[in-house]
Amino acid sequence: MIKNLIFDFGGVLVDYNSHRIFDRYFGDESKAEWFRNNVILNDLVKHLDIGEDFDECIKKAQEAYPDYSEAISLYDSCYYEMDGGEIPGMFELLSTLSTNEYEIYGLTNWSYKVYKIIKKHQIFSLLKGYVISSEVYMLKPDPNIYIHLTEKFSINPHECLFIDDKIDNVKGAEAVGMFGVRFISSQQLIEDLRNLSIKI
């Protein structure tokens, strides 16, 4: 029986997306997408999320991609402008789940800059606890980060449901015995939860 629900942060609880900065900077969505996928997400973010020094990571990325040095600097200077607010419907859903006596946790791949975002949004106050990758030097979908969360909060993985917008991260949770759901929208999640007999 599912007793604990574990939520990813970006793309699930908050609408955090670097397109807000880079689409405007490049003036071309396809160019921004290439830059995000090949420079930001594939190279820079992985180092930041595993706990490496932020300034040093920016510098290394600029050295590796000198033609994009200015754009890379925006990932630092405009970091909080990428925050689009809470995902519609999620605060209400988590509030209902908490009222129905489910334990709510968070598990995210994020740098230390996530703490300012956590303080900004009310939805994070509904979490009983969370694990941030840059604190533990592990990244989803490494099975060890899911195990770390269950051990930290003394919960049984077979009684956990993990929700993430990335299918690889969902599979990582399932690999350690959790139930898993890929997040599409709050309405889709409600349907998925009902199919798992979660009280909403």
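Structure first, text after, so check above.
This structure is a prediction, so every number in the text was calculated from the model and none was measured. (Residues numbered from 1 in each chain as written. Predicted model: local features only at pLDDT ≥ 70, side-chain atom pairs only at ≥ 80, totals over all residues. Heavy atoms only, no water.)

Asks: Just give me the short version of the sheet that holds strand β4 (residues 103-108), but keep the residues and values in it.
Replies: Strand order across the open sheet formed by five strands is β5-β4-β1-β6-β7, with parallel pairing between neighbours. In this open sheet, the two strands that pair with only one neighbour each are β5 (129-132) and β7 (179-182). For this sheet, the mean inter-axis angle between neighbouring strands, taken without regard to orientation, is 20°. Pairing between strand β1 (residues 4-7) and β4: four bridges, direction parallel. (Pairing = 2+ DSSP bridges. Helix = DSSP H or I, 4+ residues; strand = E, 2+ residues; numbered from the N terminus. Axes fitted to C-alpha atoms, helices over the stretch in contact; angles between N-to-C directions.)

Asks: Which residues make up the pattern of salt bridges, and what values do they have?
Replies: Side chains that differ in sign of charge can pair as their charged atoms come close. The tally for this structure, following the rule as stated, stands at ten salt bridges. One salt bridge connects D76 with K113, and the closest N-O pair in it is separated by 2.6 Å. A residue pair is termed long-range when its members are at least 10 positions apart, and D76 in helix α4 (residues 69-77) and K113 in the loop between β4 and α6 (114-120) qualify at 37 residues. Residue classification places K113 among the buried positions, given a relative accessible area of 9%. A salt bridge links K166 to D165, with the shortest nitrogen-to-oxygen separation between them at 3.8 Å. Overlapping salt bridges, with partners in common, bring together D8, K140 and D164 in one network. (Salt bridge = Lys/Arg side-chain N within 4 Å of Asp/Glu carboxyl O. Buried < 20%, exposed > 50% of the residue type's maximum accessible area, 1.4 Å probe, protein only.)

Asks: Got a sec to walk through the state of the cysteines? Specific residues and values, please.
Replies: Counting across every chain of the model gives zero disulfides. Note on C57: no disulfide assigned, nearest cysteine sulfur contributed by C78 at a separation of 18 Å. Owing to a relative accessible area of 5%, C57 belongs among the buried residues under this scheme. Since its relative accessible area comes to 12%, C78 is described here as buried. (Disulfide = S-S within 2.5 Å.)

Asks: Outline the pairing of strand β6 (residues 160-164), supporting the account with residue identities and numerical values.
Replies: Burial runs high along β6: five of the five residues are buried. In terms of strand pairing, β1 meets β6 through four bridges, oriented parallel. Directly across from N4, in β6, lies its bridge partner C160. In the sheet, β6 pairs with β7 via four bridges, with the strands oriented parallel. When the bridges of β7 are listed, L161 appears paired with F179.

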